[in-house]
Amino acid sequence: YLTGFTGTITAQGHLEDSATVVDGDYIDIISNTYTDQSDVVYVNFVGLFTGVRFKIEQTAGTVDKILYKY
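A short tour of the structure in this document, coming up. Given the structure is predicted, the values throughout are model-derived calculations rather than measurements. (Residues numbered from 1 in each chain as written. Predicted model: local features only at pLDDT ≥ 70, side-chain atom pairs only at ≥ 80, totals over all residues. Heavy atoms only, no water.)

1. Re the sheet that holds strand β2 (residues 27–37)
Moving on, step 1. Sheet architecture is open: three strands sit in the order β2-β1-β3, paired in antiparallel fashion. Two strands lie at the open edges of the sheet, namely β2 and β3 (51–63), each paired on one side alone. Strand-to-strand twist in this sheet, taken as the mean axis angle between neighbours without regard to direction, amounts to 10°.
Moving on, step 2. For strand β1 (residues 2–14) and β3, the ladder comprises eleven bridges, and the chain directions are antiparallel. Looking across to β3, one finds that H14 is bridged to G51. (Pairing = 2+ DSSP bridges. Helix = DSSP H or I, 4+ residues; strand = E, 2+ residues; numbered from the N terminus. Axes fitted to C-alpha atoms, helices over the stretch in contact; angles between N-to-C directions.)

Next up, the structure:
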């Protein structure tokens, strides 16, 4: 859910079993760049990951929420 968002959103995942995951354990799964986007955006990716996070590099606007279904 984006409101006037300009920037990049990257889904990242890791395969570590440990609770002490560090930034270097994550790999980029998919990355999308948006310019003044104001609506719901759907992105699909396939993979087997122990953990997933989303990296937001924002120039303007807001990311109101990200819904993730595994």
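That shown, we press on.
2. Thoughts on the pattern of salt bridges
Moving on, step 1. What the rule picks out here adds up to one salt bridge.
Moving on, step 2. Ionic pairing is found between D23 and R53, a salt bridge with its closest N-O pair at 2.9 Å. Of this pair, D23 sits in the loop between β1 and β2 while R53 sits in strand β3, and the two are 30 residues apart along the sequence.
Moving on, step 3. Using a relative accessible area of 57% as the deciding quantity, one classes D23 as exposed.
Moving on, step 4. On the basis of relative accessibility, which here comes to 27%, the residue R53 falls in the partly exposed class. (Salt bridge = Lys/Arg side-chain N within 4 Å of Asp/Glu carboxyl O. Buried < 20%, exposed > 50% of the residue type's maximum accessible area, 1.4 Å probe, protein only.)

3. Some remarks on the packing of aromatic side chains
Moving on, step 1. Following the criterion strictly, the structure yields four aromatic pairs and no others.
Moving on, step 2. Connected via pairs of aromatic rings, a cluster forms that spans F45, F54, Y68 and Y70.
Moving on, step 3. Directly above the ring of Y26 sits R53, whose terminal nitrogen or CZ lies 3.8 Å from the centroid.
Moving on, step 4. The lysine or arginine in question, K65, covers the ring of Y1, its NZ or CZ lying 4.6 Å from the ring centre. (Phe/Tyr/Trp six-rings, centres within 6.5 Å; stacked < 30°, edge-to-face > 60°. Lys NZ or Arg CZ within 6 Å of the ring centre and 35° of its normal.)

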